[in-house]
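Each chain, written out:
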Amino acid sequence: LYTRGKAHPLIAVQTQLFRICIRAVLFSFLSFTSAAAAERVVMASLSPGLFEFPIQISTVRGFFRDEGLEIVKVQMQPQVAVMALVAGDVDYSLSWGSALRAAITGVPLRVVAGIADRPLHVLMARPEIQSGKDLKDKRIGVDSFAGTMEYLARVAAKHYGLDPSRDIKVLVTGSSPNRVAALKGNLIDATPIDIAFAVKAEEEGLKRLVNLADIVDLPISGVAVLEKKLATDRAQVKKVLRAVLRGTRFMKDNRQDTVKMMADFLGITPAQAGRAYDVSIQSFTDDGMISDKGLGLNVELTKERLKIINDVPVSQVVDWSLMRELKSEGKF
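Residues numbered from 1 in each chain as written. Predicted model: local features only at pLDDT ≥ 70, side-chain atom pairs only at ≥ 80, totals over all residues. Heavy atoms only, no water.

Peer 1: Residue-level account of the overall build of the protein, with values.
Peer 2: Within the protein one finds 14 helices and twelve strands. Counting all 332 residues of the protein, 51% fall into the buried class. Sequence-distant contacts, at least 24 apart, represent 80% of the contacts inside the protein between residues at least 6 apart. (Helix = DSSP H or I, 4+ residues; strand = E, 2+ residues; numbered from the N terminus. Buried < 20%, exposed > 50% of the residue type's maximum accessible area, 1.4 Å probe, protein only. Contact = heavy atoms within 4.5 Å.)

Written out as C-alpha cells, the structure reads:
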C-alpha cells in the first residue's frame, strides 16, 4: 500500500513487528546456543547451608557461567556422594569429611579446594539444657554416622567433660533444618547445626551452647574430585575452582549483597542472615587452601577413628596445585 509514493503506515508497522520478531528469534537462538555450549557439571552436596554458600554466590552471580559451566547440584548423604563420585555419577563432591576419609583409606580422589577451614556450626539444645554437662545420657542428632557432624558432636561432648562413647546417644536425624525440627519436637536434645539455622532457632527459643569454631580448628568444607578427572580434565577443574574462589572473594568483600542472597537462599530474615554472616565470615578461606595444621589435625583424627596406624602423606589427601596456579596468576 502506498500513498503519494510513500509506504502506507500499516506497512511501517508490519515492518517494525517483523524486525522485533527477527530479533526475538535471534536472541532465543543465541541463548539456546550459549546454554548448549556450556559444560554441564554435577556437584554432590549434603543440604543447603553456609558450607556451600560460595558455590551459591558463584551460581547466582554468573561466575560459573563466565567459565562456560552449568552447575547442577544434587543433594545426597556424604557416603553416597563419595560412591557417586567414584561411579562417575557426579563430577565433584562438597562433603569434606567423607572425601577425606575416603582418600585416607585409598579411594583415588583428592580434595582440591578448601572452602571453610573452621566449623560453621553451633551446638544447639532444647531450652531446659542449661549447660553442656547436662547432655549426659541425652540424644544428639547428626546427619549421618561417621560424618563430620557426628565428629563435632563428640568433640563437644569431650569439651564438656563427657565420654562420647558412653555419655551421649547419637541419632541420625538428617540435614540442619530436619535436626532443628527434631529438636523442637523433643525427638533429640541437642545437635550441631549450621550457624544460619542456629540464629533462627535461637530466636524461636532453642538454646545455643557453644560455637564449635571456638573449640576445634577443623576444616569443614571443600571440593573433592577423582584423581582421574584431575588428570584428564584439569582445565575444567581449574574453571570450577576459579569460580569458587570468585564466590568466596565476593562473599568477603560484599556484605550487603551477600546477606540478601543468604536470606533468600536459606529462608531466614535479613537480620538473621546478617548475624550469621558476621559470626561465620572468618571461617572461609582466602586462598582456597587449608593450613597444614588444620589438615594434619583432620587426618590424625580420621586415622584414630578408622584405627589406621600407618602414616598418611598429605599428597594422598589433597592436591593444592591448581589453587597455587590460580594464586600465581595474581587474580586472587
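Anyway, onward from the coordinates.
Peer 1: Residues and numbers for helix 13 (residues 292-306), please.
Peer 2: Here helix 13 spans 21 Å end to end across 15 residues, near enough to the 21 Å set by a 1.5 Å rise per residue. Residues of helix 13 that are buried include every one of Gly-294, Leu-295, Asn-298, Val-299, Leu-301, Thr-302 and Lys-303, and no others. Taken together, the buried residues of helix 13 touch helix 5 (96-104) and helix 6 (148-159). The first or second residue beyond helix 13 is Lys-307, which carries a positive phi of 60°. (Expected span 1.5 Å × (residues − 1).)

Peer 1: Please set out empty space enclosed by the protein residue by residue, giving values where relevant.
Peer 2: Considering all chains together, one arrives at three cavities of 30 Å³ or more under this definition. Size it by volume and the largest cavity reaches roughly 260 Å³. In terms of lining residues, the largest cavity is bounded by 22 residues, among which Leu-46, Phe-51, His-121, Asp-143 and Met-149 are the most central. Elements represented by at least two residues in the lining of the largest cavity include exactly helix 5, helix 6 and helix 7 (176-184). Counting residues per element, the lining of the largest cavity draws most heavily on helix 5, at four residues. In the lining of the largest cavity, the residues fall into eight nonpolar, ten polar and four charged. (1 Å grid on protein atoms, 1.4 Å probe; cavity = no way out; pocket = protein on both sides within 12 Å on 5 of 7 lines; lining within 4 Å. Points joined across faces, edges and corners; volume = space filled by probe spheres on them. Nonpolar A, V, L, I, M, F, W, Y, C, P; charged D, E, K, R; others polar.)

Peer 1: Go over the pairing of strand 7 (residues 121-125) with me, naming the residues and quoting the values.
Peer 2: Of all five residues in strand 7, five are buried; the element is thus mostly enclosed. What you see with strand 7 is no split at all: His-121, Leu-123 and Ala-125 on one side and Val-122 and Met-124 on the other are buried throughout. Sheet topology places strand 7 next to strand 10 (residues 190-194); five bridges connect them, and they run antiparallel. Counterpart to Met-124 in the pairing with strand 10 is Thr-191. For strand 7 and strand 11 (residues 207-211), the ladder comprises four bridges, and the chain directions are antiparallel. Counterpart to Ala-125 in the pairing with strand 11 is Lys-207. (Pairing = 2+ DSSP bridges.)

Peer 1: Describe the pattern of salt bridges, and please don't skip the residues or the numbers.
Peer 2: Across all of its chains, the model carries 26 salt bridges by this definition. In this structure, the salt-bridge partner of Glu-329 is Lys-238, at a minimum N-O distance of 2.6 Å. Here Glu-329 is found in the segment after helix 14 (321-328), whereas its partner Lys-238 is found in helix 10 (residues 234-253), with 91 residues between them in sequence. Classification of Glu-329 by relative accessible area gives partly exposed; the value is 34%. (Salt bridge = Lys/Arg side-chain N within 4 Å of Asp/Glu carboxyl O.)

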